[in-house]
Amino acid sequence: MNPPPLLTILSYPDPRLHTIAKPVAVVDDRVRELVARMFDAMYDANGIGLAATQVDAHERVVVIDVSETRDQPMVLINPEITWASPEKRKGEEGCLSVPGIYDGVERSIAVHVRALDAQGEERTYEAEGMLAVCIQHEMDHLMGKVFVEYLSPLKRERIKSKLVKAQREALRA
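This write-up is about the structure you can find in this document. Computed from a predicted structure; not experimentally measured.

1. Thoughts on the layout of surface pockets
Part 1: Estimates place the volume of the largest pocket at around 530 Å³.
Part 2: For the largest pocket, the lining is made up of 28 residues, of which Ile48, Glu92, Glu93, Gly94 and Met130 are closest to its centre.
Part 3: Elements supplying a minimum of two residues to the lining of the largest pocket: β4 (88-95), β5 (98-108) and α2 (129-142).
Part 4: For the lining of the largest pocket, the class distribution of residues is 12 nonpolar, 10 polar and 6 charged.

Have a look at this one:
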C-alpha cells in the first residue's frame, strides 16, 4: 500500500491562508494522522514549522522542529501563549507559504505556551530564540495572518505580484 501523497502547502496570496482555525475538539487518530502528514510535508519542504491552516486544514494544529538534526518534533494542538516577553527583536523570517521571500519581523524574544500534544495531554513550554519566533509565526497562521502582513503595504504588494507571477509561470511549465 502506498503512503498518502504529501499535503499541498498553500501559497500566498491564497485567500484560504486567512481562515481562522477552529479549536480541536478531541485529539483522536484523525488528528494524529493530520499531524504525521504535516510533519512529512514540513520536512519535505525543509521547513521548521507548519500550521494546519497552511495545508488547508483549518484546525488549531502546529508542528515544529527547529533542531539541526530534524529529530525534535513538537506538536502544539490548541496552543495558547500564556506569556510573551515585553522585550522584542526584529529578525529575518521566511515561510513555506511565501517561498523565497525573507524579511524582518519584530517578535517577543521569549514566550510560554500551553498546548495539547499528539496524545491529547496538556503541556507547557518555555521557548526563546528561534523556537519562540517559530511558535509566534505559526500561531499567527492559526489566526489567518501571514508574516508579510507585518510589512509595509508597498512591500506586501510587491511580494504578492512576484508570487502570483511565479505561480502563473509554474502553471504554464
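2. Some details on the sheet that holds strand β2 (residues 61-64)
Part 1: Read from one edge to the other, the open sheet built from 5 strands follows the order β1-β2-β3-β6-β7, with strand pairing classed as antiparallel. A single partner strand is all that each edge strand has here, and the edge strands are β1 (49-51) and β7 (122-128). Here the average twist between neighbouring strands, direction ignored, is 40°.
Part 2: The pairing of strand β3 (residues 74-84) with strand β6 (residues 110-116) spans 5 bridges and is classified as antiparallel. Bridge pairing in β6 links Trp83 to His112.
Part 3: In this fold helix α1 (residues 29-44) packs onto β1, β2 and β3, with an angle of close to 40° to the strand it touches most, β2.

Calculation notes
Residues numbered from 1 in each chain as written. Predicted model: local features only at pLDDT ≥ 70, side-chain atom pairs only at ≥ 80, totals over all residues. Heavy atoms only, no water. 1 Å grid on protein atoms, 1.4 Å probe; cavity = no way out; pocket = protein on both sides within 12 Å on 5 of 7 lines; lining within 4 Å. Points joined across faces, edges and corners; volume = space filled by probe spheres on them. Helix = DSSP H or I, 4+ residues; strand = E, 2+ residues; numbered from the N terminus. Nonpolar A, V, L, I, M, F, W, Y, C, P; charged D, E, K, R; others polar. Pairing = 2+ DSSP bridges. Axes fitted to C-alpha atoms, helices over the stretch in contact; angles between N-to-C directions. Contact = heavy atoms within 4.5 Å.

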